[in-house]
Amino acid sequence: MNVNVHAVNFTVDGKLLDFVQERMDKLEKYYDKVVSAEIYLKVEKTSDKENKIAEVKIHVPGDDFMVKKQCKTFEEAVEQSAESLARLLQKRKEKVRTHI
């Protein structure tokens, strides 16, 4: 799967990139027709500790799925986004299977 990571207003380190790539690759076991993923990592300027935002957009043939999570760390935000996307992809797979 083609994964593009966009860090908004900061530079992302290699460990975080590897984590994001690994987590997005796991989504292919739920739905094997995933074409690509766009991940936007942002830091919100607030006094709140949960100021890390991960927006994940998944492209599948005929549809796009978008999930946005805000957490204390980028890893946690990406993990929660991936869990939500896994549920969405499973629903999509079931829907496609019933139409065949």
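The model shown is predicted, which means the values in this text are computed figures rather than measured ones. (Residues numbered from 1 in each chain as written. Predicted model: local features only at pLDDT ≥ 70, side-chain atom pairs only at ≥ 80, totals over all residues. Heavy atoms only, no water.)

A. Structural context of a negative patch on the surface. Together, Asp 13, Asp 18, Glu 22, Asp 25 and Glu 75 make up a negatively charged patch on the protein surface. In terms of residues, the negative patch owes the most to one element, helix H1 (residues 14-26), which gives three residues. Along the chain, the position of Glu 75 falls in helix H2 (residues 74-99). For Glu 75, a relative accessible area of 37% puts it in the partly exposed group. (Patch = residues over 30% accessible without salt bridge, like charges linked within 9 Å, V, L, I, M, F, W, Y side chains within 5 Å. Areas by Shrake-Rupley, 256 points an atom, 1.4 Å probe, with all protein chains shown as cover. Salt bridge = Lys/Arg side-chain N within 4 Å of Asp/Glu carboxyl O. Lys, Arg positive; Asp, Glu negative; His and termini not counted. Charge placed at Lys NZ, Arg CZ, Asp CG, Glu CD. Helix = DSSP H or I, 4+ residues; strand = E, 2+ residues; numbered from the N terminus. Buried < 20%, exposed > 50% of the residue type's maximum accessible area, 1.4 Å probe, protein only.)

B. Inspection of the pattern of salt bridges at higher detail. Summed over the entire model, instances satisfying the criterion amount to six salt bridges. Note that Glu 55 is salt-bridged to Lys 42, the shortest N-O span being 3.0 Å. Here Glu 55 is found in strand E3 (residues 52-60), whereas its partner Lys 42 is found in strand E2 (residues 36-43), with 13 residues between them in sequence. The exposure class assigned to Glu 55 is buried, which follows from its relative accessible area of 12%. Linked through salt bridges whose partners overlap, the residues forming this network are Lys 42, Glu 55 and Lys 68.

C. Geometry of the pairing of E2. Inspection of the sheet shows strand E1 (residues 2-8) paired to E2 by seven bridges, in the parallel sense. Across the sheet, His 6 pairs through a bridge with Tyr 40, a residue of E2. Viewed along the sheet, the connection from E1 through H1 into E2 turns out left-handed. Two strands pair when backbone bridges link them, and E2 and E3 are joined in this way by eight bridges, in the antiparallel orientation. Looking at E3, one finds that Ile 39 is bridged to Val 56. (Pairing = 2+ DSSP bridges. Right-handed = clockwise from strand over helix to strand, strands pointing away.)

D. Highlighting the packing of H1 against H2. Where H1 contacts H2, the two axes come as close as 10 Å, and the packing angle between them is 10 degrees. Relative to H2, the element H1 is oriented roughly parallel. Between H1, through Leu 16, Phe 19, Val 20, Arg 23 and Met 24, and H2, the contact on the second element is made entirely by Phe 74, Glu 75, Val 78, Glu 79, Ala 82 and Glu 83. Looking at side-chain class alone, the contact of H1 with H2 contains seven nonpolar, no polar and four charged residues. (Axes fitted to C-alpha atoms, helices over the stretch in contact; angles between N-to-C directions. Parallel < 35°, antiparallel > 145°, perpendicular 65-115°, else oblique. Contact = heavy atoms within 4.5 Å. Nonpolar A, V, L, I, M, F, W, Y, C, P; charged D, E, K, R; others polar.)

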